[in-house]
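Listed below are the residues making up each chain.
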Amino acid sequence: HMIPFLHLANKLAERGHKTTFLLPKKAILHLASLNLHTSLITLHPITVPHVEPLPPGTQTASDIPIHLNNHLATAMDLTRPEVELIIMSLESKPNLLFYDMAHWVPEIASKLSGVQTVCYKVVCAASLAIAIVPARDLSRDKPITESDLAELPQGYPSNNVVLRGAEWQNLLFIGLEFGSGLTFYERITRAIRSCDAIAFRTCREIEGSFCDYMASQYNKPVFLTGPVLPEVESTTTTPLDKKWADWLDQFTSRSVVFCAFGSQFVLEKEQLKELLLGFEMAGKPFLVAVKPPSGCASIGEALPEGFEEQVRERGVVCGSWVQQPQILAHPSVGCFVSHCGFGSMWESLMSESQIVLVPQLGDQILNARIIAGEMKVAVEVERGENGWVSKENLCKAIKSVMDEGSEVGEMVKKNHAKWRGVFVGNDFMGGYIDNFVKDLEMLV
Ligand SMILES: O=c1ccn([C@@H]2O[C@H](COP(=O)(O)OP(=O)(O)O[C@H]3O[C@H](CO)[C@@H](O)[C@H](O)[C@H]3O)[C@@H](O)[C@H]2O)c(=O)[nH]1
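Everything numeric in this text was worked out from a predicted model, so none of it was measured. (Residues numbered from 1 in each chain as written. Predicted model: local features only at pLDDT ≥ 70, side-chain atom pairs only at ≥ 80, totals over all residues. Heavy atoms only, no water.)

A. The site of the ligand, seen in detail. Lining the immediate surroundings of the ligand are 20 residues, of which Ser 263, Val 322, Ser 344, Glu 347 and Asp 363 lie closest. Here an oxygen atom of the ligand sits 2.7 Å away from a polar atom, N or O, in the side chain of Gln 264. Burial of the ligand by the surrounding chains reaches 92%, relative to a free accessible area of 690 Å². At the level of elements, α13 (324-328), α14 (342-350) and α15 (362-374) are the ones that each hand at least two residues to the shell around the ligand. Here the element with the most residues in the shell around the ligand is α14; it accounts for four residues. Classifying every residue of the shell around the ligand gives eight nonpolar, 10 polar and two charged. (Near = heavy atom within 4 Å. Polar contact = N/O pair within 3.5 Å; in protein donor to acceptor, adjacent residues only side chain to side chain. Areas by Shrake-Rupley, 256 points an atom, 1.4 Å probe, with all protein chains shown as cover. Helix = DSSP H or I, 4+ residues; strand = E, 2+ residues; numbered from the N terminus. Nonpolar A, V, L, I, M, F, W, Y, C, P; charged D, E, K, R; others polar.)

B. Focus on the pattern of salt bridges. Summed over all chains, the structure comprises 19 salt bridges. For Asp 100, the salt bridge identified is with Lys 121, shortest N-O distance 2.7 Å. Pair noted here: Asp 100 is in the loop between β3 (96-99) and α5 (105-109) and Lys 121 is in strand β4 (residues 116-121), with a separation of 21 residues, a long-range link. Overall, the relative accessible area of 3% leaves Lys 121 in the buried class. Lys 273 is the partner of Glu 270 in a salt bridge, and the nearest nitrogen-oxygen pair spans 4.0 Å. With Glu 270 and Lys 273 both in helix α11 (residues 269-282) and three residues apart, the pair spans about one turn of that helix. Residue Glu 270 is classed as partly exposed on the basis of its relative accessible area, which comes to 49%. Three or more residues joined by partner-sharing salt bridges are found here, namely Glu 14, Arg 15 and Asp 434. (Salt bridge = Lys/Arg side-chain N within 4 Å of Asp/Glu carboxyl O. Buried < 20%, exposed > 50% of the residue type's maximum accessible area, 1.4 Å probe, protein only.)

C. Structural context of the sheet that holds β3. If you walk across this open sheet you meet the four strands as β3-β4-β5-β6, and the pairing is parallel. Only two strands of the sheet have a single neighbouring strand rather than two, namely β3 and β6 (222-224). Ignoring which end each strand starts from, the neighbouring axes of this sheet average 30° apart. Bridge count between β3 and β4: four bridges; the pairing is parallel. Looking at β4, one finds that Tyr 99 is bridged to Cys 119. (Pairing = 2+ DSSP bridges. Axes fitted to C-alpha atoms, helices over the stretch in contact; angles between N-to-C directions.)

D. Structural view of the packing of aromatic side chains. Within this structure, the stated rule accounts for 17 aromatic pairs. Centre to centre, the rings of Phe 5 and Tyr 120 are 5.1 Å apart; their planes meet at 70°, and the pair counts as edge-to-face. One end of the pair, Phe 5, is in helix α1 (residues 2-14); the other, Tyr 120, is in strand β4, and 115 residues separate them in sequence. Owing to a relative accessible area of 16%, Phe 5 belongs among the buried residues under this scheme. The exposure class of Tyr 120 is buried, given its relative accessible area of 0%. (Phe/Tyr/Trp six-rings, centres within 6.5 Å; stacked < 30°, edge-to-face > 60°.)

E. Summary view of unusual backbone geometry. Here the amide bond leading from Glu 52 into Pro 53 is cis, since omega sits at 0°, within 30 degrees of zero. The phi angle at Arg 254 is positive, at roughly 55°, despite the residue not being glycine. Within the secondary structure layout, Arg 254 lies in the loop between α10 (242-249) and β7 (256-260). A relative accessible area of 30% places Arg 254 in the partly exposed class. The phi torsion at Lys 376 lies on the positive side, around 55°, for a residue other than glycine. Looking at where Lys 376 falls in the secondary structure, it is placed in the loop between α15 and β12 (378-380). Classification of Lys 376 by relative accessible area gives partly exposed; the value is 40%.

F. Seen up close, helix α3 (residues 69-78). For α3, the tally of buried residues reaches seven of 10 residues, placing the bulk of the element in the interior. By the burial criterion, the buried members of α3 are Asn 69, Asn 70, Leu 72, Ala 73, Thr 74, Ala 75 and Asp 77. Buried positions along α3 lie against α4 (80-88) and α8 (184-193). (Contact = heavy atoms within 4.5 Å.)

G. Highlighting the pairing of β7. Extensive coverage of β7 is indicated by the burial of five of its five residues. Burial along β7 is two-sided: Val 256, Phe 258 and Ala 260 facing one way and Val 257 and Cys 259 facing the other are all buried. Both β7 and strand β8 (residues 286-289) contribute to a ladder of four bridges, which runs parallel. Looking at β8, one finds that Ala 260 is bridged to Ala 289. One crossover worth recording links β7 to the parallel β8 by way of α11, and it is right-handed. (Right-handed = clockwise from strand over helix to strand, strands pointing away.)

H. The layout of surface pockets, seen in detail. Size it by volume and the second largest pocket reaches roughly 420 Å³. If you go around the second largest pocket, you meet 20 residues; those closest to its centre are Arg 254, Gly 334, Gln 354, Val 401 and Lys 413. Listing elements by their share of the lining of the second largest pocket, those giving two or more residues are α16 (391-402) and α17 (407-424). Partitioning the lining of the second largest pocket into residue classes produces three nonpolar, nine polar and eight charged. (1 Å grid on protein atoms, 1.4 Å probe; cavity = no way out; pocket = protein on both sides within 12 Å on 5 of 7 lines; lining within 4 Å. Points joined across faces, edges and corners; volume = space filled by probe spheres on them.)

That is the geometry; function is a separate question.
Here's what the structure looks like:
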């Protein structure tokens, strides 16, 4: 979640506002190049204390498998004294404190007079509206079940942006512990209840009803920042590495399939193998950038036998971080196979690529319902009963958007162009930020 916070700091800096951004040292190394206004944005290190059973040196969620996030949240809570000290010793008193899951930030603000707090949410508003609202009485006395969740909270504003059947399992984690003895549900409701304003990285055009629902559930003002994305073509943005630019340059316009699944999710080895066979089957050039699957130290261990030989001319699998926005902006890329994390969702909507979705976690499924189900700008890959994504289904989805003359392909392309026109035209993003700044000024 640090990338979207930094994007927002950049937009505020463009309007002359200063930000001090507290984050782990390792994240600073990784994200420093995204800081486009070093004179106004200070990246200030914090030390993440060791908490068992986290591997030594853990600093961010992308260092660990998802089931350990609970302990990382405990470690985050232990940074509170350091965070408080840093805030108290800032040269000038801040007007606003932004936070996400650190529910205790408003308690620090209350020690300084006149400091307002904003709980900034960088997941879709629908994912909070469906799960983490007071209308759900998720008491801790009994474990939360799928059927508890499948009953929508009273007043939830959609019958389409929902999970179905076994997909509800993806939300059971909200009843589990997420740091310092709190459940995820308790942590997030506490964080939202204690802020002065809630902010969402979304827009009214696609999530207005969910934002209104959140405002009424929490009885708080809700401010929207819009998508908040940097200009990929700008001179301040680091250009795409030559290695990838050269590789992509050899293919014709819009012919390459690019796949990435975000900073967090780790596939099972067999599922990754199956997906790779699906890319090969689709017959297009492809670049897959995913984390090595569970149990594998490197991506090489996860490749199907003879795969590298077979796809040498047209396929690459990379197990480390690539510059996703720059790759999406390359003219050879024609299809983005994405997990539909909220950041990737916005980046895909702004791109000219066709979009194929393989959502993994609960919020990603809701994002997919919004952009594939409601906006009809993307195709979601069908899963088998056990949640398995077969090579045939992946190949079918890719071909449905890439093959010439495909009706589905034409339909999503037309809808995507229409929505892209909305998001890219008329200073859509700038207008949202300007309004957001006005909302903040009123709050202050
Ligand atoms: O190799 C990579 C992989 C990712 N990215 C960037 O990293 C960000 C990834 O963000 P996102 O698409 O939101 O995915 P996750 O990292 O998986 O995000 C987490 O946070 C999201 C909210 O931002 C939630 O929607 C997801 O469920 C949760 O896993 C995007 O800006 C990508 O461009 C890269 O640049 N290179």
